[in-house]
There are 4 protein chains.
Amino acid sequence: MTPPNSDRRSERARQAILRAAIELCRDPGFTDMTMEAIAKRAGVGKQTIYRWWPSKAAVVLDALHEQTQPSATFPDTGDVVADLRAQMYAVVSAMTSPAFVPYTALIAAAQSDPELARRVLDLIVAPRVAECRARLEKAQADGQVHDGADLGMAVELLYAPLYYRLLLHTAPPGRDQVDRVLTLLTTGLLTPQRP
Amino acid sequence: MTPPNSDRRSERARQAILRAAIELCRDPGFTDMTMEAIAKRAGVGKQTIYRWWPSKAAVVLDALHEQTQPSATFPDTGDVVADLRAQMYAVVSAMTSPAFVPYTALIAAAQSDPELARRVLDLIVAPRVAECRARLEKAQADGQVHDGADLGMAVELLYAPLYYRLLLHTAPPGRDQVDRVLTLLTTGLLTPQRP
Amino acid sequence: MTPPNSDRRSERARQAILRAAIELCRDPGFTDMTMEAIAKRAGVGKQTIYRWWPSKAAVVLDALHEQTQPSATFPDTGDVVADLRAQMYAVVSAMTSPAFVPYTALIAAAQSDPELARRVLDLIVAPRVAECRARLEKAQADGQVHDGADLGMAVELLYAPLYYRLLLHTAPPGRDQVDRVLTLLTTGLLTPQRP
Amino acid sequence: MTPPNSDRRSERARQAILRAAIELCRDPGFTDMTMEAIAKRAGVGKQTIYRWWPSKAAVVLDALHEQTQPSATFPDTGDVVADLRAQMYAVVSAMTSPAFVPYTALIAAAQSDPELARRVLDLIVAPRVAECRARLEKAQADGQVHDGADLGMAVELLYAPLYYRLLLHTAPPGRDQVDRVLTLLTTGLLTPQRP
DNA sequence: AGGTAACCGAGACGGTACGTCCCGTCTTCCA
DNA sequence: TGGAAGACGGGACGTACCGTCTCGGTTACCT
């Protein structure tokens, strides 16, 4: 997928590799997966993998991304807070499902692989952020959010706690967390009491 | 530091190993560091490392933790927001300094090593969280924060965005980010405008 | 048994070590036996072994030698050939018994350990050779062997074929081999036929 | 040379390995030689050695065998005894040359490695024995040896004393030994004197 | 229609690090 | 001071993968 340009590329091999990668995410898991194992399971020469991907992380990222359905778009019922809650509940569900483990591994791998980091960001994080941002903008236009609110930071504040728990393992992300985050953000209680 | 119990342990070797680990964090970096390199640089047999630590990540964690000064306590000038800002500025400084890179690597490594995750949490994250929490509680007692505010979530909301940027590489954590987070949290603008 | 001189030596430890060596000859076998295993099984510090023996081969040699009864002396019925046959049968029995395996291992070890070679020779081979030689000399005095016969070489010729088979594994040493050796040596058929 | 079947094998690597083995026989010697040293000197990965040989002894055996010229055949001047003497002198020369040391080491190693023992026997011992046997049979046909003589045992009796001295270190094999062996075997003096 | 150039499978190759085993020395504490 | 215990520096083990390479074979295009 990177260096040699060709439509002579074998679609059969490509799919077999992605398929094998997905399967190996399940069983030995991302960390214990090897290029050799992918090649063997896909019935493919190692060279064929190295020809199109730079690392196992790149293969897995492609594999995960390919199998992901176009993803439902951000809900819009007219009530921003309800919509945010619904969407964040969905994210929590995803994060706590076993199928999410390899995503976490990819984020970990990306810490020492800038190119991978960029691709993870572009493929996985950015689209969700953009949608959330768009929903907030619409809400602002609807008057459900202050004109002066810092929407960019709002997006970060909404999702960051989920990733925080996911990656620091302080606790699993959860629905109550979502509720508390929304409460804090929408009530602004982090301010002095009025006497 | 885990399996064999003994006070016959060589303090000389222990320190040489931790020292070597720190040095190797700088030069080849955590990812390219190997147990063999640590042993060689420390002038120590590999077995001596494996006897006391289960992985290079464990060694590095101990090394980083040992070299860390008792850590300045949370500032308390009487103004919570100012104190939070000061402390978070400090965290931003730390995170963007080259010396922080290995911490990031440890968090990455912890994604596939639950025991390491626990130790990272206990040694690095938990104490900071506790201090922040304590400061917020004092602020609440002082009436600078609403009685009903969810302080636990507040701590998460304050720090999560920093880790979010750090680990997802959306942008480097920064002072302006801190300012915007504090603004959003203290003004509660994520609410409908009053007409 | 070599360097430090002392009667403070612990007889208990010495016997435990030799005993352990014998037992380990049986189970993991000489080749797979280690100093550490001997120490552990003997309930002895490694240092205690190294203090008195230079190598595991030395320990095993002592152990084997100590457990060997003073050894029956060469038979003397008046008939040299019969006596030789009897004695050589006994050697064949010994060589083909499982208990002989470590002796073979010692001879092998001696190939790269001159000091061990000397001790193996002195303790194991030389006494038997001397006895055989003495019996042949008596036979010569009795007129059962030619005055001109080269008795030193005769001893070599009698025993060499047994060691030859033992060490080159062309075939196991056997009674028929003994018979055929004796026949060839006593009939001198390796000469032209008389017409 | 055993497990994977393939003509994809690198002849370059094979030769480099055998060459390195020969050289290391000279300098650190068989006992102190390591697989790692062979690999390093041959400029080869360790795996490449392990892929084709089970042990360093196997490598050395192949190396020695490959470098050995097809070997001069048994002399045949018409005089068996002279021919035997000539051939055995040659064996003595070989055995007492420094180049023979690794053969001795192989025989030692074979004591705890049945497969190696078989290969040493087949490659080194058996051919020589067969040639000697053939020469004796021809002598028997020529009437230079009794019809009833036990030729198989004769071969053993001729060579065994040389190996006996070589391996038990009673004395170095020598020409005088050869002479005395031949004398004893051809005169049959190990019999009662005729009055 | 034949030639040729690319991808493909297979897996050997030179290498590096792994985690383990044992070496022979040392250190510590006990009797 | 000898012995038990076992940690220590060291070095080789045999294995696992890395990423590159060579080797036929099989397409698919290009004359």
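Quick notes on the rules
Positions within a chain are numbered from 1, following the residues in the order the chain's sequence is written. As a convention, the first chain written is A and the first ligand written is 1, with the rest following in written order. For this predicted model, a pLDDT threshold of at least 70 governs which residues receive local features, and a threshold of 80 or more governs which side-chain atom pairs are given and counted, while totals over whole chains, interfaces and linings are taken from all residues. Hydrogens and water are ignored here; the side-chain numbers use all heavy atoms of the structure. Near, as used in this document, describes a residue that has one of its heavy atoms within 4 Å of the molecule or strand being considered. N or O atoms within 3.5 Å of each other form a polar contact, as long as, within protein, one can give a hydrogen and the other can take it, and as long as residues adjacent in sequence are counted only when both atoms are side-chain atoms. Elements are defined by DSSP. Helices are runs of H or I of four residues or more, strands are runs of E of two residues or more, and each kind is numbered from the N terminus. Side-chain classes follow a simple rule in which Ala, Val, Leu, Ile, Met, Phe, Trp, Tyr, Cys and Pro form the nonpolar group, Asp, Glu, Lys and Arg form the charged group, and the remainder, Gly included, forms the polar group. Throughout, a residue-residue contact means that at least one pair of heavy atoms, one from each residue, lies within 4.5 Å. Buried surface area refers to the total accessible area, computed with a probe of radius 1.4 Å, that the two partners give up upon joining, counted for both partners together. Any Lys or Arg side-chain nitrogen located within 4 Å of an Asp or Glu carboxyl oxygen qualifies as a salt bridge. All copies are superposed by least squares; the fitting set is the C-alpha atoms of residues with a pLDDT of at least 70 in both.

- Going by what an unreviewed UniProt entry lists, chain A is known as AcrR family transcriptional regulator and is assigned to Jiangella mangrovi.

Re the protein's contact with DNA strand E
- Among the 36 residues in the neighbourhood of DNA strand E, the closest are listed as Lys46(B), Tyr50(B), Lys46(C), Gln47(C) and Tyr50(C).
- Among atoms of DNA strand E positioned within 4 Å of the protein, sugar and phosphate together represent 61%.
- For DNA strand E, a phosphate oxygen lies 3.2 Å from a polar atom in the side chain of Arg51(A).
- In the model, a base nitrogen of DNA strand E is placed 3.4 Å from a nitrogen or oxygen of the Gln47(B) side chain.
- Sort the elements by how many residues they give to the surface near DNA strand E and helix α4 (residues 46-52) of chain A lands first, with four residues.
- For the surface near DNA strand E, a count of residues per class yields 11 nonpolar, 12 polar and 13 charged.

Quick look at the interface of chain B and chain A
- With 49 residues of chain B at the contact, the number on the chain A side is 49 residues.
- Summed over both sides, the interface between chain B and chain A buries roughly 4,700 Å², with carbon and sulfur atoms accounting for 68% of that surface.
- Contact with chain A buries area across many residues of chain B, yet His146(B), Tyr164(B) and Leu190(B) alone supply 16% of it, more than any other trio.
- Our count for the contact surface shared by chain B and chain A stands at four salt bridges.
- Across the pair Arg165(B) and Glu156(A) runs a salt bridge whose closest N-O atoms are separated by 2.9 Å.
- Where chain B meets chain A, there are eight residue pairs in polar contact (both at pLDDT 80 or more).
- When residues of the side of chain B that touches chain A are traced back to their parent elements, those giving at least two are α7 (101-110), α8 (114-141), α9 (151-168) and α10 (175-187) of chain B.
- The element that contributes the greatest number of residues to the side of chain B that touches chain A is α9(B), accounting for 14 residues.
- Residues belonging to the side of chain B that touches chain A are distributed by class as follows: 26 nonpolar, 17 polar and six charged.

Description of the relation of the copies chain C and chain D
- Each copy of the sequence occupies a distinct position, and chain C is placed on chain D by a rotation of 179 degrees and an axial shift of 0.0 Å, giving an RMSD of 0.2 Å. What we have between these two chains is a two-fold relation.
- When the interface residues of chain C are mapped onto chain D, 100% of them are again interface residues, pointing to one common binding face.

What about the protein's contact with DNA strand F?
- In the vicinity of DNA strand F there are 37 residues, among which Lys46(A), Gln47(A), Arg12(C), Lys46(D) and Tyr50(D) approach most closely.
- Between a phosphate oxygen of DNA strand F and a side-chain N or O atom of Trp52(B), the distance comes to 2.8 Å.
- One of the side-chain N or O atoms of Tyr50(D) is found 2.4 Å from a phosphate oxygen in DNA strand F.
- For the surface near DNA strand F, the secondary-structure elements that each account for two or more residues are α3 (35-42) and α4 of chain A, α1 (11-26) and α4 (46-52) of chain B, α3 (46-52) of chain C together with α3 (35-42) and α4 (46-52) of chain D.
- Each residue belonging to the surface near DNA strand F can be placed in one class, and the counts come to nine nonpolar, 13 polar and 15 charged.

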